[in-house]
Amino acid sequence: MQLLLLGATGRTGKHILETALEHGHTVHALVRDKQKINVSHAQLQLFEGDPLNKTILSEAMTGCDAIVNALNISRTSDWPWAKLRSPENLLSAIAQHIIDLTPQHNIDRYVFISAWGVAETRKDIPGWFRWFIEHSNIRYPYADHERQEDLIKKSSLQFTCIRPAGLTNSKKKKELIVTINKEPKPRLLISRSSVAGFVVEVLEKNLYAKGIVTLSEK
């Protein structure tokens, strides 16, 4: 496949990039700064610019079969009250651009990363984490994840929304738990590398189209 990847320099996106290339796919990576990509590969084409710019986003889409979005609203540090570096509506604004542009490029497959704790799963997460979402700057990405989900669900895209549990940098391979409509009950953690492998598998096997899944590990 030929994929457009958004968020390739992020902590999860870089794993998706590496996995997609390892599986033989061609990747268009739209990044704000090419210098942050330390991968050189014959099947990787870099596009530099802001994904909020529809002209640049459309250029990066050209020739692609599917889009993977691993973007998130970032803060200046991992401290929950750290200032935002991204606009509060980054995710929903880009989702609307994708909805507008994909018909021009005959793209209908879209896989994007949301979060466990968004929308109806808010009540399922641990109470201490729910408190942070409701009382710190973590609330901004969760709110915009919900907005982007709502937009995409109403679109004609063949989407898969992946809501990972707490993300870790573990390299250990563990059995995945794919939760749909609360069954089976998710656990608390998932490695970024496991999320990446799942994203590529979803695309290759065309799994969970028009579906929302929570992803965790045993």
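Structural data are supplied above this passage.
Residues numbered from 1 in each chain as written. Predicted model: local features only at pLDDT ≥ 70, side-chain atom pairs only at ≥ 80, totals over all residues. Heavy atoms only, no water.

Peer 1: How should I be thinking about the overall build of the protein chain in this particular structure?
Peer 2: When helices and strands are counted, the protein chain shows six helices and 10 strands. By the compact-globule yardstick of 17 Å for 218 residues, the protein chain fits well, its C-alpha radius of gyration being 16 Å. Pairs at least 24 residues apart make up 70% of the contacts formed inside the protein chain by residues separated by at least 6 positions. Looking at the protein chain, you have 29 positive and 23 negative side-chain charges, and the mean spots of the two groups are 6 Å apart. (Helix = DSSP H or I, 4+ residues; strand = E, 2+ residues; numbered from the N terminus. Rg over C-alpha atoms; globule rule 2.2 N^0.38 Å. Contact = heavy atoms within 4.5 Å. Lys, Arg positive; Asp, Glu negative; His and termini not counted. Charge placed at Lys NZ, Arg CZ, Asp CG, Glu CD.)

Peer 1: Please clarify how unusual backbone geometry should be interpreted in this entry.
Peer 2: In this structure, proline 184 follows glutamate 183 across a cis peptide bond, with omega equal to -15°. Mapped onto the fold, proline 184 is located in the loop between strand E8 (176-179) and strand E9 (189-191). The phi torsion at asparagine 206 lies on the positive side, around 50°, for a residue other than glycine. Secondary-structure assignment places asparagine 206 in the loop between helix H6 (192-205) and strand E10 (211-217). Here the phi dihedral of tyrosine 208 falls at roughly 55°; this positive angle occurs in a residue that is not glycine.

Peer 1: Where do I start with the side chain of threonine 12 in this structure?
Peer 2: Structurally, threonine 12 is set in the loop between strand E1 (2-6) and helix H1 (13-22). Take threonine 12: its relative accessible area is 10%, and that puts it in the buried class. For threonine 12, the contacting residues outside a window of four places in its chain are Leu167, Arg192 and Val195. (Buried < 20%, exposed > 50% of the residue type's maximum accessible area, 1.4 Å probe, protein only.)

Peer 1: Sorry if this is basic, but what is going on with the pairing of E8 here?
Peer 2: Sheet faces and side chains relate simply in a regular strand, where the side chains alternate between the two faces. Taking every second residue as pointing to the same face, the buried face of E8 carries Ile177 and Thr179, while none of Leu176 and Val178 on the other face is buried. Strand direction decides the pairing type here: E8 and E10, joined by four bridges, are antiparallel. By the bridge assignment, isoleucine 177 is partnered in E10 with serine 216. (Pairing = 2+ DSSP bridges.)

Peer 1: What's the story with the nonpolar core in this structure? I'm lost.
Peer 2: One recurring pattern in soluble globular proteins is that nonpolar side chains are buried together. Core analysis: the biggest nonpolar cluster contains 36 residues, and Leu17, Val27, Ile162 and Val199 have the highest contact counts within it. Sorting the residues of this core by element identifies E1, H1, strand E2 (26-31), strand E4 (66-69), strand E5 (109-113), H6 and E10 as the ones contributing at least two each. The biggest single contributor to this core is H6, with seven residues. For valine 27, the contacting residues outside a window of four places in its chain are Leu3, Leu5, Leu17, Ala20, Leu21, Gln43, Leu44 and Gln45. Ile67, Leu71, Ile107 and Phe112 belong to the second largest nonpolar core, which has 24 residues in total. (Core = buried A, V, L, I, M, F, W, Y, C linked by side-chain atoms within 4.5 Å.)

Peer 1: Quick question: what am I supposed to make of the packing of aromatic side chains here?
Peer 2: Remark: the centre distance and the inter-plane angle together describe each pair of aromatic rings, the angle taken between the planes. All chains considered together, the criterion is met by nine aromatic pairs. Seen from their ring centres, tryptophan 131 and phenylalanine 132 are 5.4 Å apart, and the 85° between their planes marks the pair as edge-to-face. For tryptophan 131, a relative accessible area of 43% puts it in the partly exposed group. Aromatic rings pair up to connect Trp79, Trp81, Trp128, Phe129, Trp131, Phe132 and Tyr142 into one cluster. (Phe/Tyr/Trp six-rings, centres within 6.5 Å; stacked < 30°, edge-to-face > 60°.)

Peer 1: Any chance you could explain the packing of H1 against H6 here in plain terms?
Peer 2: A pair of packed helices is characterised by two quantities: the angle between their axes and the separation of those axes. Two elements in contact, H1 and H6, have axes separated by 8 Å at closest approach and are oriented at 45°. The pairing of H1 with H6 is recorded here as oblique in orientation. The handedness of the crossing between H1 and H6 is right-handed. Along its contact with H1, which presents His15, Ile16, Thr19 and Ala20, the element H6 presents Arg192, Ser193, Ala196, Gly197, Val199 and Val200. Grouping the amino acids of the contact of H1 with H6 by side-chain chemistry returns five nonpolar, four polar and one charged. (Axes fitted to C-alpha atoms, helices over the stretch in contact; angles between N-to-C directions. Parallel < 35°, antiparallel > 145°, perpendicular 65-115°, else oblique. Left-handed = near helix turned anticlockwise from the far one by under 90°. Nonpolar A, V, L, I, M, F, W, Y, C, P; charged D, E, K, R; others polar.)

Peer 1: How do you make sense of the layout of surface pockets when you look at a structure like this?
Peer 2: Using a probe with the size of a water molecule, rolled over the atoms, empty space left in the structure can be pinpointed. Of the volumes computed, that of the largest pocket is approximately 1,600 Å³. Residue lining of the largest pocket: 46 residues in total, with Arg11, Asn72, Ile73, Asp78 and Arg192 positioned closest to the centre. Among the elements of the structure, E2, helix H4 (127-135), helix H5 (139-154) and strand E7 (166-168) are those that each provide at least two residues to the lining of the largest pocket. Class assignment of the residues belonging to the lining of the largest pocket gives a composition of 26 nonpolar, 12 polar and eight charged. Empty space within the second largest pocket amounts to approximately 370 Å³. Lining the second largest pocket are 14 residues, and of these Thr19, Lys173, Ser193, Ser194 and Gly197 sit closest to its centre. Those elements giving two or more residues to the lining of the second largest pocket turn out to be H1 and H6. Counting residues per element, the lining of the second largest pocket draws most heavily on H6, at five residues. Tallied by class, the residues present in the lining of the second largest pocket amount to two nonpolar, five polar and seven charged. (1 Å grid on protein atoms, 1.4 Å probe; cavity = no way out; pocket = protein on both sides within 12 Å on 5 of 7 lines; lining within 4 Å. Points joined across faces, edges and corners; volume = space filled by probe spheres on them.)

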